[in-house]
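Commentary on secondary and tertiary structure
If you want the building blocks of each chain, they are given just below.
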Amino acid sequence: MQWETVIGLEIHTQLATRSKIFSGAATAYGAEPNTQACAVDLGLPGVLPVLNREVVTMAARLGLAIGAKIAPISIFARKNYFYPDLPKGYQISQLDLPIVGKGELEIELEDGTTKIIGVTRAHLEEDAGKSLHEDFHGLTGIDLNRAGTPLLEIVSEPDMRSAKEAVAYMRKMHSLVRYIEISDGNMQEGSFRCDANVSVRPMGQKELGTRTELKNINSFRFVERAINFEVGRQIDVLESGGRITQETRLYDADKDETRPMRSKEEAMDYRYFPDPDLLPVEVSESLLNEVRASLPELPDARRNRFIEQYSLSREDASLLTSSREMADYFESVTQVSGDAKLVTNWVMGSLSGALNREGKEISASPVSADMLGGMLKRISDNTISGKIAKEVFEAMWQGEGDADAIIDKKGLKQITDTGAIEAVLDEIIANNPKQVEDLKGGKDKLMGFFVGQVMKQTGGKANPGQVNQLLKKKLGL
Amino acid sequence: MSLDNSEVKRIAHLARLVIDEQDISIYAHNLSNILDLVEQMSSVPTDDVAPMAHPLDTLQRLREDKVTETNQRDHFQLVAPQVENGLYLVPRVIE
Amino acid sequence: MYQKSIADQAKGLRAKEFSSEELTREYLDRIKRFDPQLNSYITVVADFAMAQARIADERIAKGDAGPMTGIPLAQKDIFCTNGVRTSCGSKMLDNFIAPYDATVVERFNQAGAVMLGKTNMDEFAMGSSNETSFYGPVKNPWDTKTVPGGSSGGSAASVAARLAAGATGTDTGGSIRQPAALCGITGIKPTYGRVSRYGMIAFASSLDQAGIMTQTAEDSAMMLNVMAGFDERDSTSLDKPVPDYTANLNNDFKGLKIGLPKEYFAEGLDSGVASVVEAAINEYKKLGAEIVDISLPNSSLSVPAYYVVAPAECSSNLSRFDGVRFGYRCEDPKDLEDLYTRSRGEGFGPEVKRRIMVGAYALSAGYYDAYYLKAQKIRRLISDDFKQALNQVDVIMAPTTPTVAFNIGEKVDDPITMYLSDINTIAVNLAGLPGMSIPAGFSQNLPVGLQIIGNYFDESRLLNVAHQYQQVTDWHTQIPKGFE
């Protein structure tokens with residue numbers, strides 16, 4: 001039987017606020033355990049939550065960026081369950097009236113086509129703390145620094161049909177939240193993670209199959225692998241006559257498998273109700289206008305502009321706008337050096353290569369946009385060749401200064417003096433009579449030999465086009 | 001409305017309360033009486049009534065995104081039943 | 001000194017007739033002598049109080065004193081007090097030394113008031129007789145066989161027996177007004193949102209409100225001046241200017257329209273209580289008030305609605321007591337489940353457990369609409385009744401309780417009967433309105449309270465109406481026998 005996979009994602013993105021969603025404790029990552037858990041975060045008797053303004057504007061930013069309706073009034077509710085990393089015994093979240101309503105995100109598929117993925121809603125909630133299972137005499141240690149960190153949970157429609165689509169959606173959302181500066185998107189630190197709802201159904205069937213929920217996946221690679229494993233598992237179960245149990249499963253990256261979560265075995269009855277400590281949250285039209293005005297150009301719009309303005313291919317434009325830093329870098333370099341095609345090649349070639357090699361973000365690149373632009377200008381004005389430029393780039397990367405300084409210091413300036421090149425050429429012609437004869441006899445391939453010899457002798461500083469021309473002239477070709 | 005012992009146990013578990021076996025039927029009796037009292041509401045038509053979650057008709061105030069709290073871990077952990085290396089300790093959690 | 005009202009004590013302190021140290025010492029001595037009969041305090045902080053008194057005296061000497069500086073008060077043990085045990089009347093918090101001050105406590109500290117100790121209360125404020133306290137029942141100083149009411153029973157008894165000049169209380173369904181009535185003192189529950197709830201251990205967040213228990217309405221006004229006001233740490237606290245509550249006490253209220261809701265004078269009202277209240281109303285007529293018969297048709301639904309809303313909120317509010325970060329933890333938990341169920345099962349008393357379970361049930365899957373949502377709708381009906389009534393009249397008056405104090409042990413095994421003793425006070429909390437109880441006389445030698453209900457943020461008028469009555473009556477000055 002042919003099976004169709006159906007996937008919906010719940011993405012939890014940590015909002016990049018200074019303080020927590022309901023308290024004035026810091027949200028900085030990596031502090032000593034429980035040093036950033038204040039009375040409110042600990043749920044001490046008598047404490048009360050007060051909402052952080054910034055989380056509301058950040059949620060509104062996302063809402064506007066995905067074309068969603070922002071609820072003029074939204075409500076916080078309590079989700080009640082007992083867990084040691086949940087200090088109050090309830091999580092403050094949103095249920096009936098989330099702050100962000102229906103929106104959508106366009107993803108690009110591998111074959112170059114695009115697909116719209118629906119976003120059902122996005123709601124604000126507080127994160128829980130962390131349980132540490134290292135050796136505390138068989139006990140678990142609880143660190144509540146993360147408790148109360150603001151999260152925006154973005155819930156998609158079950159619109160994805162393969163693990164690849166799910167990854168494309170997750171990547172696109174990841175890029176978007178960073179673009180609009182509501183999250184640092186740091187996946188190692190858990191700032192961007194997702195739960196995947198996965199089911200399969202016979203191709204052509206309308207009703208959805210029973211789904212399982214894969215919890216807390218924090219890398220693109222794992223999302224793909226976890227979903228693929230789970231799809232395979234579900235098909236195996238169904239094809240051998242079994243039934244899928246609706247359950248929560250955990251992806252084990254080491255074993256590359258999913259297994260049921262023991263702590264979630266019993267069906268949860270969360271007893272949601274409106275939090276009486278918090279009042280309805282208003283997003284006024286004026287706040288919305290303020291947020292709208294502060295939004296940067298969004299990725300899709302920027303991509304389209306790149307195609308138009310710089311005559312880039314859609315693929316190049318997509319890659320260059322995949323992060324705001326990358327796109328900003330590209331535009332800065334282009335402004336300095338002018339030649340967008342050349343810039344594209346360098347940004348996506350040598351620069352990306354070097355960044356990848358050293359695992360660096362573009363924002364931490366030792367070669368700034370100004371430096372790269374400065375170097376590309378020297379290619380355009382024939383001061384250096386593309387080949388020499390590679391050497392200059394490497395030197396800039398190593399911190400040896402900007403392009404002009406390096407060219408100067410290392411004497412890499414292209415030789416444009418015809419006399420100097422002719423002298424070298426004469427010597428080579430004299431030393432290689434056989435090749436000269438063959439070339440004259442029609443072996444055109446030998447042109448490369450002569451040019452190569454000149455380049456070798458000049459340390460690459462001659463202009464190959466110029467050498468070509470001179471050679472032809474000298475041999476009367 | 002009358003609750004039987006198994007329902008009392010289910011609710012007690014939901015609320016993470018251990019109830020002595022011999023007290024279960026007393027709870028069942030009392031809780032049933034309370035639910036009977038509450039039941040009086042059901043005779044009142046309320047289809048057109050907006051639920052009132054809060055006595056005052058006001059909106060949530062928003063705080064500035066500022067860090068105002070300092071580390072008081074040692075002070076707060078003075079009242080904790082069991083801590084080590086700054087962590088609260090609980091019996092092993094299995095995920 | 002102890003017979004004096006706070007207003008008179010403040011004058012005495014300012015006139016240097018006595019010092020705060022002397023005044024505080026007198027109360028501490030009285031507590032030592034009389035409280036063993038009453039059990040109104042859970043914790044007495046004698047050294048702390050004397051130190052605060054000395055600081056108060058310095059402030060008075062320097063001329064840096066406010067009206068409440070140097071006045072010895074008791075705090076209900078529901079308010080967190082930094083460095084002092086805050087038990088909430090529960091075994092769960094018997095070992096809990098609060099690591100911070102409630103806003104109310106902080107404000108009294110800033111005003112220079114002296115804290116004598118923490119008063120006894122029903123466990124987590126759940127009770128109407130003070131019998132659910134882990135620390136044993138409080139006795140009513142007018143007759144120690146009877147209850148003082150609850151949940152602020154310790155505060156009520158201590159003020160009635162003059163073991164504190166005034167005390168704080170909290171009122172979720174009548175927990176200030178009912179004990180004030182049963183103990184013959186003045187109590188006010190301000191409008192929801194008038195006083196910060198920060199640091200006040202939550203029972204039912206949308207109903208809880210901090211308030212005051214004193215001998216006189218004037219004293220209540222003085223204390224409310226300290227307590228009331230916006231607190232940025234409480235989202236439900238109202239950012240609204242606070243008037244000087246003592247400013248209008250002496251206003252003439254001729255032409256005041258008093259509404260008498262017929263539902264509060266119906267069957268179930270003790271005839272002795274009824275005649276005391278009638279006499280009080282007549283006194284108001286003499287003072288120039290106009291009496292209007294009104295109706296609050298949904299009154300009978302207030303107890304049912306309350307016993308869904310309050311337990312639902314409490315079931316969630318009390319989830320934080322899990323034996324992990326503070327409070328009681330059971331011996332040798334064998335696993336996480338055991339830690340939770342035994343810590344909570346052993347740490348909470350039966351009434352608290354009952355309410356948690358009712359609340360968990362009312363919110364659970366499949367029952368939410370029938371119970372919680374229904375109760376919220378009924379709440380709207382009850383609130384609308386008051387809105388309509390208060391369009392016609394300035395204040396509403398009624399008996400605070402249908403009977404005088406009942407005997408200890410009389411209702412303790414019958415939750416429903418106990419719940420119905422709050423029948424006259426609960427609706428006010430559901431609506432969020434301010435309410436008072438003032439001493440209006442005696443029936444069977446036990447005090448009777450007159451309840452005064454006003455419009456939102458109309459505390460000044462309530463205090464004025466109460467104060468004028470106290471100018472022409474002396475019920476509020478009477479001290480129970482044996483406590484002189």
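Residues numbered from 1 in each chain as written. Chains lettered and ligands numbered in written order. Predicted model: local features only at pLDDT ≥ 70, side-chain atom pairs only at ≥ 80, totals over all residues. Heavy atoms only, no water.

A separate point is the overall build of chain A. Each helix and strand counted, chain A has 16 helices and 16 strands in total. Relative to the globule expectation of 23 Å for 477 residues, the C-alpha radius of gyration of chain A, 30 Å, shows a markedly less compact shape. In terms of overall dimensions, chain A has C-alpha extents of about 95 × 55 × 55 Å along its principal axes. Burial statistics for chain A: of 477 residues in total, 55% are counted as buried. Accessible surface, chain A as shown: approximately 20600 Å² in total, 48% of it carbon and sulfur. Across chain A, the mean location of the 58 positive side-chain charges is 3 Å away from that of the 71 negative side-chain charges. (Helix = DSSP H or I, 4+ residues; strand = E, 2+ residues; numbered from the N terminus. Rg over C-alpha atoms; globule rule 2.2 N^0.38 Å. Buried < 20%, exposed > 50% of the residue type's maximum accessible area, 1.4 Å probe, protein only. Areas by Shrake-Rupley, 256 points an atom, 1.4 Å probe, with all protein chains shown as cover. Lys, Arg positive; Asp, Glu negative; His and termini not counted. Charge placed at Lys NZ, Arg CZ, Asp CG, Glu CD.)

In this section: the domain arrangement of chain A. By domain assignment, chain A separates into domain 1 (3–287), domain 2 (297–410) and domain 3 (418–475). Relative to domain 3 of chain A, the C-alpha centre of domain 1 of chain A lies at a distance of 66 Å. (Domains from an automatic or database assignment.)

Turning next to the nonpolar core. Formed by 206 residues in total, the largest nonpolar core has its most connected members in M68, F124, Y284, F386, M397 and I452 of chain C. Excluding its chain neighbours within four sequence positions, the residues that come into contact with M397 of chain C are I258, G259, L260, P261, F265, I281, Y284, L450, Q451, I452 and V465 of chain C. In this structure, A60, A65, V119 and L295 of chain A belong to the second largest nonpolar core, which totals 67 residues. (Core = buried A, V, L, I, M, F, W, Y, C linked by side-chain atoms within 4.5 Å. Contact = heavy atoms within 4.5 Å.)

So, on to the interface of chain C and chain A. Chain C puts 38 residues into the contact, and the matching count from chain A is 31 residues. Between chain C and chain A, roughly 2700 Å² of surface is buried when both sides are summed, and carbon and sulfur atoms account for 59% of that area. Contact with chain A buries area across many residues of chain C, yet S235, R320 and R325 of chain C alone supply 23% of it, more than any other trio. Inspection of the chain C/chain A interface yields one salt bridge. For R197 of chain C, the salt bridge is made with D277 of chain A, and the minimal N-O distance between the two is 3.0 Å. Of all the secondary-structure elements, those providing two or more residues to the side of chain C that touches chain A are α9 (302–317), α10 (336–347), α11 (350–363) and α12 (369–392) of chain C. (Buried area = accessible area lost by both parts, 1.4 Å probe. Salt bridge = Lys/Arg side-chain N within 4 Å of Asp/Glu carboxyl O.)

Now for the side chain of R344 of chain C. Residue position: R344 of chain C is located in helix α10. Of the side chains with opposite charge, D322 of chain C comes closest to the buried, unpaired R344 of chain C, at an N-O distance of 7.2 Å. In this view, R344 of chain C contacts F82 of chain A, A15, R16 and L17 of chain B together with M92, L318, S319, F321, D322 and I356 of chain C; residues no more than four positions away in its chain are not counted.

Turning next to the interface of chain C and chain B. Contact residues are listed per partner, giving 68 residues for chain C and 51 residues for chain B. Carbon and sulfur atoms make up 70% of the surface buried where chain C meets chain B, a total of about 5200 Å² over both sides. Among the residues of chain C in contact with chain B, M357, Y361 and K377 of chain C are the three that bury the most area, contributing 14% of the side total. Taken together, chain C and chain B are joined by one salt bridge. Where R16 of chain B meets E337 of chain C, a salt bridge forms, and the shortest distance between an N and an O atom there is 3.5 Å. Residue contributions to the side of chain C that touches chain B peak at twelve residues, all from α12 of chain C.

Take the sheet that holds strand β5 (residues 186–189) of chain C next. Sheet strands line up and pair through hydrogen bonds in the backbone, either parallel or antiparallel. All names here are of chain C. Spatially, eleven strands are ordered β1-β3-β2-β4-β6-β5-β10-β11-β9-β7-β8 in an open sheet, and the strand pairing comes out mixed. In this open sheet, the two strands that pair with only one neighbour each are β1 (41–44) and β8 (290–294). Averaged over all neighbouring strand pairs, the angle between strand axes comes to 30°, with direction disregarded. One ladder, built from five bridges, connects strand β2 (residues 72–76) with strand β3 (residues 114–119); its direction is parallel. Bridging across to β3, Q75 finds its partner in K118. (Pairing = 2+ DSSP bridges. Axes fitted to C-alpha atoms, helices over the stretch in contact; angles between N-to-C directions.)

Attention now moves to the pattern of salt bridges. Tallied over the entire structure, the rule returns 63 salt bridges over all chains. Note that D74 of chain B is salt-bridged to R73 of chain B, the shortest N-O span being 3.9 Å. D74 of chain B gets classed as exposed once you look at its relative accessible area, which sits at 61%. One salt bridge connects D338 of chain C with R342 of chain C, and the closest N-O pair in it is separated by 3.0 Å. Within this pair, D338 of chain C and its partner R342 of chain C are both found in helix α10, separated by four residues, close to a single helical turn. You can call D338 of chain C buried: its relative accessible area is 12%.

On to the packing of helix α8 (residues 324–337) of chain A against helix α9 (residues 340–358) of chain A. Two quantities define a packed helix pair, namely the angle between the helix axes and the distance between the axes. All names here are of chain A. The N-to-C vectors of α8 and α9 enclose an angle of 130°; their axes lie 9 Å apart at closest approach. The angle between the axes of α8 and α9 places the two elements in the oblique class. Crossing handedness for the pair α8 and α9: right-handed. Within the contact between the two elements, α8 uses M326, Y329, F330, V333, T334 and S337 and α9 uses A340, V343, T344, V347, L351 and S352. Among the residues making up the contact of α8 with α9, the classes are represented as eight nonpolar, four polar and no charged. (Parallel < 35°, antiparallel > 145°, perpendicular 65-115°, else oblique. Left-handed = near helix turned anticlockwise from the far one by under 90°. Nonpolar A, V, L, I, M, F, W, Y, C, P; charged D, E, K, R; others polar.)

Attention now moves to the side chain of K79 of chain A. Take K79 of chain A: it is sitting in strand β4 (residues 77–80). For K79 of chain A, the residues in contact, after removing those within four places along its chain, are G89, Y90, Q91, Y270 and Y272 of chain A.

All names here are of chain A. Taken together, the eight strands give an open sheet; going across it, the order is β6-β7-β10-β1-β11-β12-β13-β14, and neighbouring strands pair in mixed fashion. Each end of this open sheet is capped by a strand with a single partner; those strands are β6 (103–108) and β14 (257–260). Averaged over all pairs of adjacent strands, the angle between strand axes in this sheet comes to 30°, irrespective of strand direction. Along the sheet face, helix α4 (residues 220–239) touches β1 (3–14), β11 (192–202), β12 (212–217), β13 (248–252) and β14 and points at about 25° away from the line of β11.

A word on the environment of R161 of chain A. Residue and element names in this part refer to chain A. Along the polypeptide, R161 turns up in the loop between β10 (150–156) and α3 (163–179). Note on R161: relative accessible area 28%, which makes it partly exposed. Spatially, the C-alpha atoms of R161 and D96 are 28 Å apart, while their sequence positions differ by 65 residues.

Attention shifts here to helix α1 (residues 6–14) of chain C. Taken residue by residue, α1 of chain C has I6, A7, Q9, A10, G12 and L13 of chain C as its buried positions. Where α1 of chain C is buried, its residues touch α2 (20–38), α3 (46–62), β2, β4 (166–171), β6 (209–214) and α7 (217–227) of chain C.

The bulk of non-glycine residues show a negative phi, and the bulk of peptide bonds are trans. Geometrically, the link from G150 of chain C to S151 of chain C is a cis peptide bond, its omega value of 5° lying close to zero. Mapped onto the secondary structure, S151 of chain C falls in the loop between β3 and α5 (153–160). Phi angles above zero are rare outside glycine, and N382 of chain A is one such case at about 65°. Within the secondary structure, N382 of chain A is located in the loop between α10 (369–380) and α11 (386–397). Of note in the backbone geometry, N445 of chain C takes a positive phi value of approximately 65° without being a glycine. Here N445 of chain C is to be found in the loop between β10 (435–443) and β11 (446–453).

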